[in-house]
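One-letter residues, chain by chain:
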Amino acid sequence: MLNKLKHVIENSKNGHISYSEYMGIVLYDKELGYYMKHKQKIGKEGDFYTNSNVHSVFGKVLARIFIRLVQLKKIHPVICEIGAGTGRLANFILEEWKKVDPDSFKQLKYIIVEISPYHREEQRKVIRSFEKVQQFSSLTEMVNHLGKFNGIILANELFDAFPVDVVQKVNGEMVEVRITFENNQLVETFVPCKNEEIFNWLEQNGIVLKNGQRMEIPLNMDHWLEETNAWLEKGIMFTIDYGYTKEEWMHPIHREGSLRGYYKHQIIKNPLSYPGDMDLTTHIHLDALIQKGEQVGLKLLGMLNQREFLLKGGILNYLQENSDPNPFSEISRQNRAIRSLIMDDGISSSFTVLIQSKNADQIILSDILVDDY
């Protein structure tokens, strides 16, 4: 990977590349990229955990919400999960749907868009109801086979893995943080920012950096949202991710940005470490996602922290009385998982759920979530 990066940088126009170019290579290079390699990335033997690794109850709650929408005849029984990882979440949703509403399960279609060949292979091993699942390597491939999409979109920890550009205000000047080689090592270099798209993004989102502040600019997220016009005809999108509002981004604690690596379950502050062998992730710009979504026809129905979303989605219905002294019994494990997901300082405290719809004015938030928990 270092040799590849060195070749790319040496052949670049000015001897340096943007962070988005760097992330595109180390994460998504077809042969050497982190997500494309044939190695475990999620779970105990990998580098990080996701929501779906906590317990199947997370997928059960999502299935309950999706079934409710279908039963109310608000949406077609079609799900598109983008970036499905190991396939565990898809399997949990399918298994619960089959148990709760076998009639609508017969009509259910589950589509996975997954760029990683390794993860597509893992999904085929994990998902028991695989006859219900169609896999595609890109949204373009999906549209070419199925036409425009009409249904439920699930984007669980999707946008945090998108390549980003990085800027910083230094001595009152906006500079772009780029990547070069010095002494045969990857290092950052500051150059005056000349990317008009970055300046336009900052202006459109009303962001003025303070001196010394660094920020990731999600141009790729904006481009992805713009492309929904080409494939999303009608539907509702659930985005589950960690992120900050514009106000939160301006807190002093976030002045160094959020770009980090995860390597063997350790947070690595230097994103240039372990290129190709380490996950890279950023907190997403929640307000920017909402604003850009509105521009492309995605109407905001609600933004909640994950704890509130799960409670209003009915997670407490899965709590069970348990007199079994065995802490490893399925009931004990599920009850513990529920507690960890709804505790104020648990995993859900870091996640936000955005619910957006397109050409689906018949759907309102009370169709999705209830207040009787």
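It should be emphasised that the depicted structure is a prediction, and the values quoted were computed from it without experimental measurement.

Examining the pattern of salt bridges
Scanning the entire structure with this criterion turns up 11 salt bridges. Two residues, K74 and D367, come together in a salt bridge whose shortest N-O distance is 3.5 Å. Of this pair, K74 sits in the loop between helix 3 (57–71) and strand 2 (78–82) while D367 sits in helix 14 (residues 365–368), and the two are 293 residues apart along the sequence. For D367, a relative accessible area of 9% gives the class buried. Between R178 and E176 there is a salt bridge, with the nearest N and O atoms lying 3.2 Å from each other. Comparing R178 with E176 shows no difference in burial state: the two are buried. Among the charged side chains, a network of salt bridges with common partners joins E21, E176 and R178.

Here we look at the nonpolar core
Ranked by size, the top nonpolar core spans 48 residues in total, and within it I93, I236, F238, F309, I355 and I368 carry the most contacts. Broken down by element, this core gets its largest block of residues, 10 residues, from helix 3. In this structure, F238 is in contact with I65, F66, L69, I152, I153, L154, A155, F309, L354, I355 and I368, ignoring residues within four places of it in sequence. Membership of the second largest hydrophobic core comes to 41 residues, among which are C80, M174, M215 and I217.

Digging into the side chain of Q356
Among the structural elements, Q356 can be located in strand 17 (residues 352–358). For Q356, the residues in contact, after removing those within four places along its chain, are G235, I236, M237, T239, L289, I290, G293, L298, K299, L300 and L301.

Observations regarding the packing of aromatic side chains
Using the criterion set out here, one finds 12 aromatic pairs in the structure. Taking the centre distance of 5.4 Å and the plane angle of 65° together, the rings of Y34 and Y35 count as edge-to-face. Take Y34 and Y35: they sit in the same class, and that class is buried. On the basis of an interplanar angle of 75° and a centroid distance of 5.6 Å, the ring pair of Y242 and F351 is categorised as edge-to-face. Here the residue Y242 occupies a position in the loop between strand 10 (232–241) and strand 11 (243–244), and F351 occupies one in the loop between helix 13 (330–342) and strand 17, the gap between them amounting to 109 residues. Taking the relative accessible area as the measure of exposure, Y242 reaches 13% and is therefore buried. Here the aromatic residues F149, F159, F162, W224 and W231 are joined through ring pairs into a cluster of three or more. If you follow K132 out to its NZ or CZ, it ends over the ring of F105, 5.0 Å from the centre.

Criteria and thresholds
- Residues numbered from 1 in each chain as written.
- Predicted model: local features only at pLDDT ≥ 70, side-chain atom pairs only at ≥ 80, totals over all residues.
- Heavy atoms only, no water.
- Salt bridge = Lys/Arg side-chain N within 4 Å of Asp/Glu carboxyl O.
- Helix = DSSP H or I, 4+ residues; strand = E, 2+ residues; numbered from the N terminus.
- Buried < 20%, exposed > 50% of the residue type's maximum accessible area, 1.4 Å probe, protein only.
- Core = buried A, V, L, I, M, F, W, Y, C linked by side-chain atoms within 4.5 Å.
- Contact = heavy atoms within 4.5 Å.
- Phe/Tyr/Trp six-rings, centres within 6.5 Å; stacked < 30°, edge-to-face > 60°.
- Lys NZ or Arg CZ within 6 Å of the ring centre and 35° of its normal.

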